[in-house]
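A structural walkthrough
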Amino acid sequence: MRAATSQSWRDWLLSEAPQSRAQARAGQAYRRWRGFTENWLGVVGLVIVLTLIGMAIFAPWIAPYDPLAQNLSQRLQPVSWQHWCGTDSLGRDIFSRIVYGSRVTLLIVGLVVVTVGPLGLILGCVAGYYGGAVDRILMRVTDIVLAFPKLILALAFVAALGPGLENAIIAIAITSWPPYARVARTETMVIRNSDYIAAAKLQGASSLRIIMLHVVPLCVPSVIVRSTLDMAGVILTAAGLGFLGLGAQPPTPEWGAMIAAGREQIFDQWWVATFPGLAICIVALGFNLLGDGVRDALDAR
Amino acid sequence: MASARSTAKLVSAEVTTFAITMLGLLLVTFLIGRVIPIDPVLAVVGDRAPPDVYDKARIALGLDKPLWQQFLTYLGQVARGEFGTSVMTSNPVILDIKRVFPATLELATLGTLIGVSLGIPLGVAAAVYKGRWPDNLVRILGLFGYSIPVFWLGLMGLLLFYAHLGWVGGPGRVSVAFDDLVTTKTGVLILDAILEGEWEVARDAFSHLILPASVLGFFSLAYISRMTRSFMINELSQAYILTARVKGASETRVIWRHALRNAAAPLATVIALSYAGLLEGSVLTETIFAWPGLGRYITASLLQADMNAVLGGTVVVGVVFISLNLFADIMARVFDPRTR
């Protein structure tokens, strides 16, 4: 009975003659999903990213200890059944701090993507749609920012604005929008010559309306792919800023800052710096694998 | 000759781009210098200065002029290499940078050498044996290269190769016993030691250099091998390769003499970009390895809120970075007519 239902669901999704727009969309999404799952590395990436999100949401239930609770009698304890990743120099449980640190990581990635994505998208679409002088100026600025050393500039920004999570996010966002603008521009240059844009123009739609309603939505998928591929880089830059003491401030459990805290004891208490670094590696790897998988699935249309 | 003229034209276009990019960078560092919450006048005259002293200092610093005039003044200062005085070392920033820069250069150069000498053969192998283990190895290296924080890899390297295995020297540029034994000539410690015939010092310096350079070299290797692979796959699918094979050229000859030579121009670009990337990556690596280079100078100044030093260092890294970008572009355009 169940098998029969799932069979008919699949037939409905893969139907050659969809009855409604919703069915056609669902069918397309299902085909893409199947294309994506054929690449097992991409699925591994998705699992890692979903685990990260799960960890962030359910942190209070997963973490065995309070991430901020100091216990000086338990300081620098090695890996054990009580403390899966040992404890740091203030006796805090490192595993619990890593679990709560996933919230900080997700916050950084999320905020950078929601600011940089739309900004790059709009700039790229405007440049691509108007062409001419607007395009030349916007792309010049894009190229200039692209040629900057990103990390050093982010450092200088944070140094000027003062250390802190918000300023680190702003600094990363300011230096990382250009690739998005480029991607969106390339897409727009193709779209702007299509017939339906001409039709919209003939109907008297304003440029603003055409860009926002007819161009931007079509550029969104490539920007999403681009940002998935970018997230690992954002995580590494944020961790670097945190490591230098310019990102999230103590006692916030940020992974880069946790590595910095374990630096002094690296030769005697290796676990303090090792596990947060492993967490960064796994999460960055997850985003890279997911990004590759999504790109392959969307490109193969 | 038409080609020489068009080359000149290309180069001049690139130089214009370079000048505009530099102006952009300097505008950014200038603006960063203006938004700092520390009042530069108070930093000079102190908190309790009477208003007239304060005003005089403000005028002396040129802070009463409109912003664009201040920017022009700033451009002039940068052109003359005046970045102000470092609060941390109380030297002019430019002297500090001259002192620490060779150490960074040494590190990034050896890192790039490691990346090139391993990355290109590996990338070629991956392209030739596509889908087999060299290809998978390059893919895995690439993934790790984009996923591992450089400072964490450095710490793990120290833990394994220094603390546990004892194969390499620890943090710092040379062991304490050898400190200040060699007079500075080139600023590159190994060269200086060899020039003076101090082989012991040279060997010790090398054992300190090899680990941080390998850490940087790993990232360079990951990037270069990945790019070599894709350039080579592209070249090997071209018709001229078939022609060469039909003419009876050996496979070795086809791969190294025909395909790789045509991939050389884009590869030069990639190597220049990777070198620039390593200069930037050295900021974090030097912090880990207590390497007395520009990166550590910048981060140490950051913690002291020494903005003159931070911005001076940023400008220098930026200039080198943008110059390498320009160099890479020119190389690609001059040596590869297809990119014109």
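Note that this is a predicted model, so its numbers are computed, not measured.

Right, let's get into the overall build of chain A. Across its full length, chain A carries 13 helices and zero strands. Going from N to C terminus, chain A has its helices and strands arranged as α-α-α-α-α-α-α-α-α-α-α-α-α. Looking at chain A as a whole, 49% of its 301 residues are labelled buried. As displayed, chain A has an accessible area near 14,700 Å², and 64% of this comes from carbon and sulfur atoms. Positive and negative side-chain charges of chain A, numbering 23 and 18 respectively, have mean locations separated by a distance of 8 Å.

A few words on the interface of chain B and chain A. At the interface, 42 residues of chain B touch 38 residues of chain A. Taken together, both faces of the contact between chain B and chain A bury some 3,600 Å²; the carbon and sulfur share is 82%. Counting across the chain B and chain A interface gives six residue pairs in polar contact (both at pLDDT 80 or more). For the side of chain B that touches chain A, the secondary-structure elements that each account for two or more residues are helix H1 (2-35), helix H6 (133-145), helix H7 (150-164), helix H11 (251-289), helix H12 (294-303) and helix H13 (307-335) of chain B.

The next subject is the environment of Lys247(B). Residue and element names in this part refer to chain B. Checked against the element boundaries, lysine 247 lands in the loop between helix H10 (239-246) and H11. Overall, lysine 247 belongs to the exposed group, its relative accessible area being 72%. Along the sequence, lysine 247 and glutamine 69 sit 178 residues apart, while their C-alpha atoms lie 67 Å from each other.

Before going further, it helps to examine the domain arrangement of chain B. Residues and elements named next belong to chain B. Structurally, chain B comprises domain 1 (2-79) and domain 2 (93-339). On a C-alpha basis, the centres of domain 1 and domain 2 stand 32 Å from each other. Each side of the interface is counted separately: domain 1 has 17 residues, and domain 2 has 14 residues. Here domain 1 and domain 2 share zero residue pairs in polar contact (both at pLDDT 80 or more) between them. For the side of domain 1 that touches domain 2, the secondary-structure elements that each account for two or more residues are H1 and helix H4 (67-79). Sorting elements by how many residues they give to the side of domain 1 that touches domain 2 places H1 first, with 13 residues. For the side of domain 1 that touches domain 2, a count of residues per class yields 12 nonpolar, four polar and one charged.

Let us look at the packing of aromatic side chains. Residues and elements named next belong to chain A. This model, assessed by the stated rule, comprises 13 aromatic pairs over all chains. Between tyrosine 129 and tyrosine 130 the ring centres are 5.5 Å apart and the planes differ by 80°, which places this aromatic pair in the edge-to-face class. Accessibility expressed as a relative area gives 10% for tyrosine 129, which makes it buried. A centroid spacing of 5.8 Å and a plane angle of 80° characterise the contact between tryptophan 270 and tryptophan 271, whose relative ring orientation is edge-to-face. Since its relative accessible area comes to 36%, tryptophan 270 is described here as partly exposed. Aromatic ring contacts, followed pair by pair, group Trp270, Trp271 and Phe275 into a single cluster.

All names here are of chain A. Taken together, the side chains of Leu50, Ile53, Ile57, Phe58, Trp61 and Ile62 make up a nonpolar region of the molecular surface, amounting to roughly 640 Å² of accessible area. Only helix H3 (40-57) and helix H4 (59-62) provide two or more residues apiece to the nonpolar patch. Broken down by element, the residue count for the nonpolar patch peaks at three residues, all from H3. Considering the arrangement of structural elements, one finds isoleucine 62 in helix H4.

With that settled, the discussion passes to the state of the cysteines. Residue and element names in this part refer to chain A. Overall, the coordinates contain zero disulfides over all chains when judged by the stated rule. Cysteine 85 forms no disulfide, and the closest cysteine sulfur to it belongs to cysteine 281, at a distance of 14 Å. Cysteine 85 sits in the buried class, given a relative accessible area of 9%. With no disulfide of its own, cysteine 125 lies closest to cysteine 219 among cysteine sulfurs, the gap being 3.8 Å. The exposure class of cysteine 125 is buried, given its relative accessible area of 0%.

Residue and element names in this part refer to chain B. Taking 1.5 Å of rise per residue, the 15 residues of H7 would be expected to cover 21 Å, and the 20 Å separating its terminal C-alpha atoms lies within 8% of that figure. Val150, Phe151, Trp152, Gly154, Leu155, Met156, Gly157, Leu158 and Leu159 are the residues of H7 that are buried. Phi turns positive, to about 65°, at glycine 166, one or two residues after H7.

Along the chain, the position of Ala297(A) falls in helix H13 (residues 271-299). In sequence terms Ala297(A) and Arg32(A) are 265 residues apart; their C-alpha atoms lie 6.2 Å from each other.

Looking now at the confidence of the model for chain B. Any residue range with low pLDDT should be treated as having predicted coordinates unsuitable for detailed reading. Per-residue pLDDT for chain B averages 84, and the proportion of residues at 70 or more is 95%. Reported for the predicted complex are a pTM of 0.86 and an ipTM of 0.86.

On to the packing of helix H6 (residues 132-146) of chain A against helix H9 (residues 178-191) of chain A, then. Packed helices, taken two at a time, are described by the angle their axes make and the gap between the axes. Residues and elements named next belong to chain A. Two elements in contact, H6 and H9, have axes whose closest approach is 9 Å; the angle formed by their N-to-C orientations is 145°. Crossing geometry of H6 relative to H9 is assigned as left-handed. Within the contact between the two elements, H6 uses Asp135, Met139, Thr142, Asp143, Val145 and Leu146 and H9 uses Pro178, Pro179, Ala181, Arg182 and Arg185. Split by residue class, the contact of H6 with H9 holds six nonpolar, one polar and four charged.

A few words now on the pattern of salt bridges. All names here are of chain A. By the definition in use, this model includes 12 salt bridges over all chains. With a closest N to O distance of 3.6 Å, aspartate 296 and arginine 295 form a salt bridge. Under the relative-accessibility criterion, arginine 295 is labelled partly exposed at 30%.

Taken together, the side chains of Lys247(B), Arg253(B), Arg257(B) and Arg261(B) make up a positively charged region of the molecular surface. Looking at the element boundaries, Arg257(B) is found in helix H11.

Here the focus is unusual backbone geometry. With omega at 5°, the peptide bond leading from Pro250(A) into Pro251(A) counts as cis. Here Pro251(A) shows up in the loop between helix H11 (207-243) and helix H12 (255-262). Of note in the backbone geometry, Ser90(B) takes a positive phi value of approximately 50° without being a glycine. Here Ser90(B) lies in the loop between H4 and helix H5 (93-128). Judged by its relative accessible area of 58%, Ser90(B) is exposed.

Tracing the backbone through its elements, the reader meets Ser227(A) in helix H11. Taking the relative accessible area as the measure of exposure, Ser227(A) reaches 8% and is therefore buried.

Inspection of the secondary structure puts Ser274(B) in helix H11. Judged by its relative accessible area of 6%, Ser274(B) falls in the buried class.

Rules of the game
- Residues numbered from 1 in each chain as written.
- Chains lettered and ligands numbered in written order.
- Predicted model: local features only at pLDDT ≥ 70, side-chain atom pairs only at ≥ 80, totals over all residues.
- Heavy atoms only, no water.
- Helix = DSSP H or I, 4+ residues; strand = E, 2+ residues; numbered from the N terminus.
- Buried < 20%, exposed > 50% of the residue type's maximum accessible area, 1.4 Å probe, protein only.
- Areas by Shrake-Rupley, 256 points an atom, 1.4 Å probe, with all protein chains shown as cover.
- Lys, Arg positive; Asp, Glu negative; His and termini not counted.
- Charge placed at Lys NZ, Arg CZ, Asp CG, Glu CD.
- Contact = heavy atoms within 4.5 Å.
- Buried area = accessible area lost by both parts, 1.4 Å probe.
- Polar contact = N/O pair within 3.5 Å; in protein donor to acceptor, adjacent residues only side chain to side chain.
- Domains from an automatic or database assignment.
- Nonpolar A, V, L, I, M, F, W, Y, C, P; charged D, E, K, R; others polar.
- Phe/Tyr/Trp six-rings, centres within 6.5 Å; stacked < 30°, edge-to-face > 60°.
- Patch = residues over 30% accessible without salt bridge, like charges linked within 9 Å, V, L, I, M, F, W, Y side chains within 5 Å.
- Salt bridge = Lys/Arg side-chain N within 4 Å of Asp/Glu carboxyl O.
- Disulfide = S-S within 2.5 Å.
- Expected span 1.5 Å × (residues − 1).
- pLDDT = per-residue confidence, 0-100.
- Axes fitted to C-alpha atoms, helices over the stretch in contact; angles between N-to-C directions.
- Left-handed = near helix turned anticlockwise from the far one by under 90°.

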